[in-house]
Amino acid sequence: MKTQVCIIGGGPSGLMLSQLLHRKGIDTIVLERQSREYVLGRIRAGVLEHGFAALMREAQCGERMDREGEIHDGFIIAHDGKMDRVDLHKYSGGSSVVVYGQTELTRDLYEARDRMKGIVIHNAEDVQPHDLKSANPYVTYRSGDEVVRIDCDFVIGADGFHGVSRKSIPRDVLKEYEKVYPFGWLGVLSRTKPVSPELIYAKHERGFALCSLRSQVLSRYYIQVPLTDNVEDWSDDAFWAELKRRLPAEVAAQLITGASIEKSIAPLRSFVAEPMRYGNLFLAGDAAHIVPPTGARGLNSAASDIYYLYHAMVAHYKDGDSTGLDKYSEKALARVWKAQRFSWWMTTMLHTFPDSIAYDQKLQDTDLAYLFSSEKALGSLAENYVGLPF
Ligand code: FAS
Ligand code: PHB
């Protein structure tokens, strides 16, 4: 098989790039290790920056997002028994975020690929990129007993943190930065009315909690748990009881509980791999970087990678201009690191750290006190949360 751009990974990053390039007449093939059902069964991000939403619209995939997604102009930080609102619209100069589940946008992207007869190959086993430093790279994968070869101009590694692409960069070239947090998030999805119309990030001595949503009939909640916890340790009742303990009393009293339709623990880590290019391999999304979900930057950091790659590939194929490709890694990493900083800051400010000393806790309290005493501090939070410019 032959294509112009071979994309490893059929998550939001790979699908979005495939859809955008196809619309510009650039051929792609997407290789996805799992089935479509498996990919769509993963519950992940819920908040989209306006930049991501704009990309969905440009990819002709934004219609359901605009119909079913919710525009949010602010969120609440609950701390010390009170609730302070972050007015995103006011402090970001009029911007906002869209609350729309990653599962749904991935479904929209798959359906758009189908409509355009895009090539997405599921259950692709043993995917392996080859000759990345040559002008003729190729990718092989196994389908049953058959090994298939795809010749291409470029390979995109959009295969997430556990993918094969990053590992195809030689150890003496790749530099990895990692920070592992001493806790995880236990998340529950329930068919219940959300407790609040806006997200509530709760800082509490028992641990962090987050009240989010997917729609007015589908709620998403999280509580910080020790890394030693297993999801089997947490009954639904135990989860709801602990969540209530961490929320302000008036919110806890309003909480509508119900059976979990998804329950999982995600460890929190900050990770960046540099460079994001090796020869004709370009890394994008979780393949290159991971953030703790506290700042809702994970999926949104993938969006700017895709935006830069999309414009760079179009300039290369349409104008013979490879400047964008040559500058991709440097440009993408500049924004990735700003998302890393913001996610680290939100996580550090709002979580309880098992080894923290009294001085650290005073700094956390002071961070919050300063935030809500300064319009400039709120402006900094708001511009990061709605999404820094691409
Ligand atoms: P993905 O991991 O989504 O997709 C990569 C795809 O590549 C997968 O479908 C995988 O099956 C495939 N793949 C892997 N190896 C392969 C191989 N060798 N060959 C072929 N295919 C291969 N972000 C937020 O903003 N908010 C959140 O609340 C949030 N919660 C999260 C919870 C969890 C448990 C996880 C893991 C992530 C969460 N994230 C969250 C971040 C998440 O949304 C990612 O940023 C987002 O999925 C990134 O998309 P991709 O880069 O496409 O990577
Ligand atoms: C979610 O709805 O899953 C969500 C929202 C905001 C975050 C993290 C997760 O910061």
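Please refer to the structure higher up on the page.
Calculation notes
- Residue numbers restart at each chain and count upward from 1, following the sequence in its written direction.
- Throughout, the order in which chains and ligands are written sets their labels, letters from A for the former and numbers from 1 for the latter.
- A pLDDT threshold of at least 70 governs which residues receive local features in this predicted model, and a stricter bar of 80 or more applies before side-chain atom pairs are shown or counted, although totals over entire chains, interfaces and linings include all residues.
- By convention in this description, side-chain values take in all heavy atoms of the structure and omit both hydrogens and water.
- Strand pairing requires that DSSP identify at least two bridges connecting the strands.
- Here a helix means four or more residues in a row that DSSP labels H or I, a strand means two or more in a row labelled E, and each is numbered from the N terminus.
- With a 1.4 Å probe rolled over the protein chains alone, any residue whose accessible area is under 20% of its type maximum counts as buried; one over 50% counts as exposed, and the rest are partly exposed.
- For this analysis, residues touch if any pair of their heavy atoms sits within 4.5 Å.
- One heavy atom within 4 Å of a molecule or strand is enough for the residue carrying it to be called near that molecule or strand.
- Counted as a polar contact is a pair of N or O atoms within 3.5 Å, where, for protein atoms, one must be capable of donating a hydrogen and the other of accepting one, and residues adjacent in sequence contribute only when both atoms are in side chains.
- Only the protein chains shown count as cover for residues, with accessible areas throughout obtained via the Shrake-Rupley method and a probe of 1.4 Å.
- Each residue gets one label: Ala, Val, Leu, Ile, Met, Phe, Trp, Tyr, Cys and Pro are nonpolar, Asp, Glu, Lys and Arg are charged, and the others, such as Gly, are polar.
- Interaxial angle, 0 to 180 degrees, is taken between N-to-C directions of lines fitted to C-alpha atoms, where a helix line uses only the stretch in contact.
- Crossings are assigned a handedness: left-handed for a near helix turned anticlockwise from the far helix by less than a right angle, right-handed for a clockwise turn.
- Here, the term nonpolar core denotes a set of buried Ala, Val, Leu, Ile, Met, Phe, Trp, Tyr and Cys residues that are joined through side-chain atoms within 4.5 Å.

(A) Representation of the pairing of strand β11 (residues 146-151) within the structure. Bridge analysis of strand β10 (residues 138-143) against β11 gives six bridges, and the strand direction is antiparallel. Residue T140 lies in a different strand from β11, and its bridge partner there is R149. Linking two consecutive strands that pair antiparallel, namely β10 and β11, is a turn of two residues; a positive phi of about 65 degrees is found at G144 within it.

(B) Representation of the environment of Y328. Inspection of the secondary structure puts Y328 in helix α10 (residues 323-350). For Y328, a relative accessible area of 1% translates into the label buried. Placed 52 residues apart in sequence, Y328 and M276 show a C-alpha to C-alpha distance of 7.7 Å. Dropping the residues within four chain positions of it, Y328 is found in contact with M276, F282, L283, A284, D305, Y308 and L309.

(C) Representation of the site of ligand 2 in the model. Contacts to ligand 2 come from 14 residues, most closely from Y201, S212, R214, Y222 and P293. One nitrogen or oxygen atom from the side chain of R214 is found 2.7 Å from an oxygen atom belonging to ligand 2. Take T294: an N or O atom from its main chain is 3.3 Å from an oxygen atom of ligand 2. Here ligand 2 loses 97% of its free accessible area of 280 Å² to cover by the protein chains. Looking at the shell around ligand 2, the elements with two or more residues in it are β15 (209-215) and β16 (218-226). No other element matches the three residues that β15 contributes to the shell around ligand 2. Residues belonging to the shell around ligand 2 are distributed by class as follows: eight nonpolar, three polar and three charged.

(D) Up close: the packing of helix α1 (residues 12-22) against helix α6 (residues 102-115). Put simply, α1 and α6 touch, their axes get as near as 10 Å, and they point 35 degrees apart. When you trace α1 past α6, the crossing you get is left-handed. Between α1 and α6, the residues in contact are P12, L15, M16, S18, Q19 and H22 and Q102, L105, T106, L109, Y110, A112 and R113, respectively. Of the residues contributing to the contact of α1 with α6, the split by class is seven nonpolar, five polar and one charged.

(E) The arrangement of the nonpolar core in detail. Ranked by size, the top nonpolar core spans 71 residues in total, and within it M16, L31 and I156 carry the most contacts. Broken down by element, the residue count for this core peaks at nine residues, all from helix α9 (residues 298-319). Ignoring any residue separated from it by four or fewer positions in sequence, one finds I156 in contact with V5, C6, I7, I8, L17, L281, F282, A284, L309 and M313. Within the second largest apolar cluster, 32 residues are counted, among which are L210, L213, W345 and L371.

(F) Fine view of the side chain of T28. By secondary structure assignment, the location of T28 is in strand β2 (residues 28-31). The class of T28 is buried, set by a relative accessible area of 8%. A polar side-chain atom of T28 sits 2.9 Å from a polar atom in the side chain of S18. With residues up to four places along the chain from it excluded, the contact list for T28 reads T3, V5, I7, S18, L21, R113 and I119.

(G) Main features of the sheet that holds β11. Taken in spatial order, the three strands of this open sheet run β9-β10-β11, and their pairing is antiparallel. Among the strands making up the open sheet, the edge pair consists of β9 (125-130) and β11. In this sheet, neighbouring strand axes are inclined to one another by 20 degrees on average, regardless of whether the strands run parallel or antiparallel.

(H) How the structure looks around the site of ligand 1. Among the 30 residues in the neighbourhood of ligand 1, the closest are listed as S13, E32, R42, R44 and Q102. At 3.3 Å from an oxygen atom of ligand 1 is found a main-chain nitrogen or oxygen belonging to G298. Considering ligand 1 on its own, with 990 Å² of exposed area, one finds that the protein chains cover 86% of that surface. Breaking the shell around ligand 1 down by element, the ones donating at least two residues are α1 and α9. Residues belonging to the shell around ligand 1 are distributed by class as follows: 13 nonpolar, 10 polar and seven charged.

(I) Fine view of the side chain of N280. Following the sequence through the fold, N280 ends up in the loop between β18 (277-278) and β19 (281-283). We classify N280 as buried; its relative accessible area is 12%. Here S134 takes part through its backbone oxygen, which lies 2.8 Å from a polar atom of the side chain of N280. Not counting chain neighbours up to four residues away, the residues in contact with N280 comprise L132, S134, A135, P137, D153, F154 and V155.

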